[in-house]
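Residue-level structural notes
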Amino acid sequence: MVKLGVNIDHIASIRNLRKGVFPDPVFAAKIAEDAGADGITVHLREDRRHINDGDVKNLKRIIKTKLNLEMSVSADIVAFAKKIVPDYVCLVPEKRQELTTEGGLDIISNKKKIEEVVSELKNKKIVVSIFIDPDFEQINIAKKIGADFVELHTGNYADAKNKIIRKKELAKIQKASEYVLQLDLGLNAGHGLDYENVQGIAKIRGMNELNIGYSIICRAVFVGFFQAVKEMKEKIKNK
Ligand code: PXP
């Protein structure tokens, strides 16, 4: 069964609009777990625009499933992760000005640095994933530098302007997924997935987990967070 990792960053984005304490990401995490989430994902950004250090600490203490920490390879964030020891770390690229992550991490140009970080995290017994584009060369390097998983970037598939482009992007992800499995890496995917487009990705052979945030939070505004998570879980199950 394909797992659902629920990204709760934007619960914290809403909280931070008024710089208060509601809605509480930890409360959201518990609801997501009750609704069937297999894991909770948060991105601790360098500018702390949504999730902050305290949230990660509280989540680590309270959640019953798995905590997946998305993060850049910057030294202070790596030091924080080594202290907290989440179940999983997913290394992502990060630009200050971006609205959201814009693509996969380029491990070809940053190989040495990323390899060091992977090794430091693995020494702490953290399972390490790297968020990359569906590109064979990036997958090769992920394997070489010791990643346990890759998370394939589905943003271009999700944002495709028409059916032809979407089909092409899906084929790229399908081929890349086959290659990931051939290299004996774990296979996750995410970014931009919603109730309409998720099944194409959930159907891919060997898919372990999908990390989904924004579309679930948007749906929650109308049907409640529990129901929104439950509906996504159903979509993935009935792919
Ligand atoms: N996976 C990764 C690596 C991400 O950076 C994000 C966005 O934080 C997601 C999944 C979730 O993307 P979305 O919010 O578009 O569902």
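You'll find the structure just up there.
Report on the accompanying structure. (Residues numbered from 1 in each chain as written. Predicted model: local features only at pLDDT ≥ 70, side-chain atom pairs only at ≥ 80, totals over all residues. Heavy atoms only, no water.)

Some words on the packing of helix H10 (residues 214-223) against helix H11 (residues 225-237)
What counts is decided by this rule: Simply put, an axis is a line fit to the C-alpha atoms, just over the touching stretch for a helix, and the angle between two N-to-C directions goes from 0 to 180 degrees. A helix here means a DSSP run of H or I that spans at least four residues, while a strand means a run of E at least two residues long, and both kinds are numbered starting from the N terminus. The scheme is simple: roughly parallel for angles under 35 degrees, roughly antiparallel for over 145, roughly perpendicular for 65 to 115, oblique for anything else. Here a crossing is called left-handed whenever its near helix is offset anticlockwise from the far helix by less than a right angle, and right-handed whenever the offset is clockwise. For this analysis, residues touch if any pair of their heavy atoms sits within 4.5 Å. Amino acid classes used here: Ala, Val, Leu, Ile, Met, Phe, Trp, Tyr, Cys and Pro are nonpolar; Asp, Glu, Lys and Arg are charged; the rest, including Gly, are polar.
Packing of H10 against H11 leaves a shortest axis separation of 7 Å and a crossing angle of 130 degrees. When the axes of H10 and H11 are compared, the pair comes out oblique. Read as a crossing pair, H10 and H11 show a hand that is right-handed. Seen from H10, the contacting residues are Ser215, Ile216, Ile217, Arg219, Ala220 and Val223; seen from H11, they are Phe225, Gln227, Ala228, Val229, Glu231 and Met232. Looking at the contact of H10 with H11 residue by residue, the classes come out as eight nonpolar, two polar and two charged.

Here we look at the pattern of salt bridges
Which entries qualify depends on this criterion: The salt bridge definition used is simple: a Lys or Arg side-chain nitrogen within 4 Å of an Asp or Glu carboxyl oxygen. A simple rule labels every residue: compare its accessible area, found with a 1.4 Å probe on the protein chains alone, to the largest value its type can have, and call it buried under 20%, exposed over 50%, or partly exposed in between.
Counted under the stated rule, the structure contains twelve salt bridges. A salt bridge links aspartate 47 to arginine 49; its shortest N-O distance comes to 3.1 Å. In this structure aspartate 47 comes out as partly exposed when scored by relative accessible area, which is 31%. Glutamate 234 is paired through a salt bridge with lysine 237; the nearest N and O atoms lie 3.6 Å apart. Here glutamate 234 and its partner lysine 237 are both found in helix H11, three residues apart, which amounts to about one turn of the helix. With relative accessibility at 45%, the residue lysine 237 sits in the partly exposed group.

Notes on the site of the ligand
Going by this rule: It suffices for a single heavy atom of a residue to lie within 4 Å of a molecule or strand for the residue to be listed as near it. Identification of polar contacts relies on pairs of N or O atoms within 3.5 Å, with a donor-acceptor requirement for protein atoms, meaning one able to donate a hydrogen and the other able to accept it, and with residues adjacent in sequence counted only if both atoms are side-chain atoms. Only the protein chains shown count as covering a residue, and every accessible area follows the Shrake-Rupley method with a 1.4 Å probe.
Contacts to the ligand come from 13 residues, most closely from Glu70, Glu151, Gly192, Gly213 and Tyr214. In this structure, an oxygen atom belonging to the ligand sits 3.2 Å away from a side-chain N or O atom of glutamate 70. Between the ligand and glycine 213, the relevant distance is 2.8 Å, taken from an oxygen atom to a main-chain nitrogen or oxygen of the residue. Taken by itself the ligand offers 400 Å² of open surface, and the protein chains cover 94% of this. Among the residues making up the shell around the ligand, the classes are represented as four nonpolar, six polar and three charged.

Re unusual backbone geometry
The bulk of non-glycine residues show a negative phi, and the bulk of peptide bonds are trans. For the peptide bond that leads from phenylalanine 22 to proline 23, omega is -5 degrees, which places it in the cis range. Considering the arrangement of structural elements, one finds proline 23 in the loop between helix H1 (9-17) and helix H2 (25-34). Of note in this structure, lysine 19 is not a glycine but carries a positive phi near 50 degrees. The topology assignment puts lysine 19 in the loop between H1 and H2. Unusually for a residue other than glycine, valine 85 sits at a positive phi of about 55 degrees. Within the element layout of this structure, valine 85 appears in the loop between helix H4 (75-84) and strand S4 (88-91).

So yeah, pure geometry; function would need other evidence.
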